[in-house]
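Working through the structure, step by step
Take a look at the letters that make up each chain.
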Amino acid sequence: MLGIMNYDVIVIGGGHAGTEAAAASARAGARTLLITHKRKTVGVMSCNPAIGGLGKGHLVREIDALDGIMARVIDHAGIQFRMLNASKGWAVRGPRAQADRKLYRAAVQDILFDYPNLDIREGGVEDLIVENNRCCGAVLADGTEIHAGAVVLTTGTFLNGLIHRGKEKIPAGRVGEAPALKLSGRLAALKLTLGRLKTGTPPRLDGRTIDFSQCTLQPGDDVLIPFSYLTSEITVPQVPCHITHTTLATHEIIKENLHQSAMYSGQISGVGPRYCPSIEDKIVRFSDKSRHQIFLEPEGLDDPTIYPNGISTSLPVEVQAQMLKTIPGLERAEMFEPAYAIEYDYVDPRELDAALQVKKLPGLYLAGQINGTTGYEEAAAQGLIAGANAALALGKSELIIIGRDQGYIGVLIDDLITRGANEPYRMFTSRAEYRLNLRADNADQRLTPLAVTAGICGAERAAAHSAKAARLTAARELCRGLSDTPAQLAKRGLNVNQDGIRRSAFDLLRYPDVTWERLAAIWPTLNGVDTGSREQIEIDASYSGYLERQEADILAYRRDEALALPTDLDYAAVGSLSREIQDKLAQARPATLGAAARIQGVTPAAVTALLRHVRRR
């Protein structure tokens, strides 16, 4: 052995999950070590150069509300900001930004390389230290043992990773970087259930060889809305994206070469993401479509590389070159890096509890693609929760467990640990039952108090949140305190039901034809409300009627969540449960009755039988 070191928490992996895990652990006061293959790749964007989107943007706002780093980083690196679904209600709007890859990586490193309580070390982890059925450290490739109270594993696609291009196979975690082979075997030896998943990436193109005049311009928003609640304005120069599309000629080339696709030749055993399919999948599954959109996304302000989002593939390089020649604007495009597919091992997330700790091995936490998810945002959200809980558990502090009614992070983790992931899991707003409550605009109101209580919120954010909350409370009280009778309101030009019931300014904001300006003409004190509070109150008012009806559903959810299930419950002893349901419950080991009800295939009758059995106990 070359040495023994000691830390409170070790985080393995420097991607989006690992960086958030390390920062959260350090904020919680734990002496934290981040181990990564290369210090210079900490915070690198391995796939598409973008953050946010529908559902994903909500996650980024929640990460920020918990004092994570992703939102602040993209605000320093974003080169095109757009609010998706801007014409729809606030509950389904999703902030998204294109990123300059170099600026993004630099911003992550600027934050982490001088982070209190955090050390960063280069190295490859080849084994875990396990003593008395608890994970308590890691062993590097050079034999160095590093002991710790907990380990957070965030391996991304590195766990037994294998790149595919046609018949070519390259063991790698990403292009040019070796995979983690021994760790996969170690996890299997610990009797954790492993599976195999696949993802892919399109070719990287030289933008100087693209004819953008044949493409449709896609500009960003005129008003740039930051991701972070701490960012006052975006100062990074902005650039447009472009849109092109495949043609029938493209489709013919793909069909003629499907036998050479690693996915369709049977060479890949892993399951790919349903909602981000390869171009081969699109052609086969949507054979009636004559074209598919391709978004040409710039990778940097001073980088000519273009990311053609929409044509990820595992076809051979020469076939990729033929495809490009049939796409408008890309006929002469040259590739910096051909597309590829990558398959990798993951752990069935039903092996985890709500803190993202492995049930069979206390002290080991998993976050990111190792849990069967896809996407930077999903990985970062898990990393923050795993890192924070690893540190909090050591101090015997209350853990951060976010419910489905509290945040998209709660929906993400609950879906994973109760239902598993038989395909790469991606967040959508449709996955959240209470999405009217879980909007991107109010993430700080929902979650920052949790971060403050848990001790993972820095002084700057705590002060900013406290000041904002005070302004918002005062503005809400003002809006509810200003009221008038229907008769007086009618005299002022407001068409309300003459029922004798006084209506406050907040009540009136529910009406689609009533604006803040109209109310300020009646009550001039409203002109003194700051813009941020005003916008929040307008949003709250527009949803208030729906939220009142949703409250009953939330109360029912919380009632079921309050009924904890014993960890040693023998499901075979529960009367009237089928063998299939017994097996599903035994595998997932749900912590609450509500979690049991959300397991796919568990019927209402089975939940009732389970409730009776537990109450008898």
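Reading guide: rules and limits
- Residues numbered from 1 in each chain as written.
- Predicted model: local features only at pLDDT ≥ 70, side-chain atom pairs only at ≥ 80, totals over all residues.
- Heavy atoms only, no water.
- Pairing = 2+ DSSP bridges.
- Helix = DSSP H or I, 4+ residues; strand = E, 2+ residues; numbered from the N terminus.
- Axes fitted to C-alpha atoms, helices over the stretch in contact; angles between N-to-C directions.
- Contact = heavy atoms within 4.5 Å.
- Phe/Tyr/Trp six-rings, centres within 6.5 Å; stacked < 30°, edge-to-face > 60°.
- Buried < 20%, exposed > 50% of the residue type's maximum accessible area, 1.4 Å probe, protein only.
- Lys NZ or Arg CZ within 6 Å of the ring centre and 35° of its normal.
- Arc of directions from axis to C-beta.

1. Re the sheet that holds strand S18 (residues 335–337)
The sheet built from six strands is open, its strands ordered S14-S15-S16-S17-S13-S18 with antiparallel pairing. Two strands in the sheet have a free side with no partner beyond their single neighbour: strand S14 (216–218) and S18. With direction set aside, neighbouring strand axes in the sheet form an average angle of 35 degrees. Here strand S16 (residues 293–298) pairs with strand S17 (residues 305–309) via four bridges, running antiparallel. The partner of Pro 298 across the bridge, within S17, is Ile 306.

2. A look at the sheet that holds strand S4 (residues 78–84)
In spatial order, the strands read S3-S5-S4; together these three strands make up an open sheet with antiparallel pairing. Pairing within the sheet leaves two strands with one partner each, and these edge strands are strand S3 (50–52) and S4. Ignoring which end each strand starts from, the neighbouring axes of this sheet average 15 degrees apart. Sheet topology note: the S4/strand S5 (residues 94–99) ladder contains six bridges and is antiparallel. Across the sheet, residue Gly 78 finds its bridge partner in S5, namely Ala 99. Lying over the sheet, helix H3 (residues 70–77) contacts S3, S4 and S5, oriented at roughly 115 degrees with respect to S4.

3. Points about the packing of aromatic side chains
Evaluated as defined, the whole model comprises two aromatic pairs. Note on Phe 81 and Phe 227: the rings are 6.3 Å apart at their centroids and 50 degrees apart in plane angle, and the pair reads as tilted. Of this pair, Phe 81 sits in strand S4 while Phe 227 is found in the loop between S14 and strand S15 (241–245), placing the two residues 146 residues apart along the sequence. Classification of Phe 81 by relative accessible area gives buried; the value is 2%. The positively charged end of Arg 39 is found above the aromatic ring belonging to Phe 113, 4.1 Å away from the centroid.

4. As for helix H5 (residues 182–189)
Taken as a whole, H5 has its buried residues at Leu 183, Ser 184 and Leu 187. What you see down the axis of H5 is that its buried residues fit within an arc of 105 degrees, all on one side. Opposite its buried face, H5 presents the exposed residues Lys 182 and Ala 189, each directed more than 90 degrees away. Buried residues along H5 sit in contact with strand S7 (125–131), strand S9 (145–153), strand S12 (194–201), strand S19 (340–347) and strand S20 (364–366). A positive phi of about 65 degrees marks Lys 191, the residue just after H5.

5. Observations concerning the environment of Ala 393
In this fold, Ala 393 is placed in helix H9 (residues 376–394). For the pair formed by Ala 393 and Gly 161, sequence separation is 232 residues and the distance between their alpha carbons is 31 Å. What Ala 393 contacts, discounting residues up to four positions off in sequence, is Tyr 365 and Leu 399.

6. Digging into unusual backbone geometry
One non-glycine residue, Lys 396, lies in positive phi territory at about 55 degrees. Take Lys 396: it is sitting in the loop between H9 and helix H10 (408–419). Assessed through its relative accessible area of 76%, Lys 396 is described here as exposed. The phi dihedral of Arg 589 is positive, around 50 degrees, even though this residue is not glycine. Relative to the helices and strands, Arg 589 is located in the loop between helix H17 (579–588) and helix H18 (593–597). Arg 589 gets classed as partly exposed once you look at its relative accessible area, which sits at 31%.

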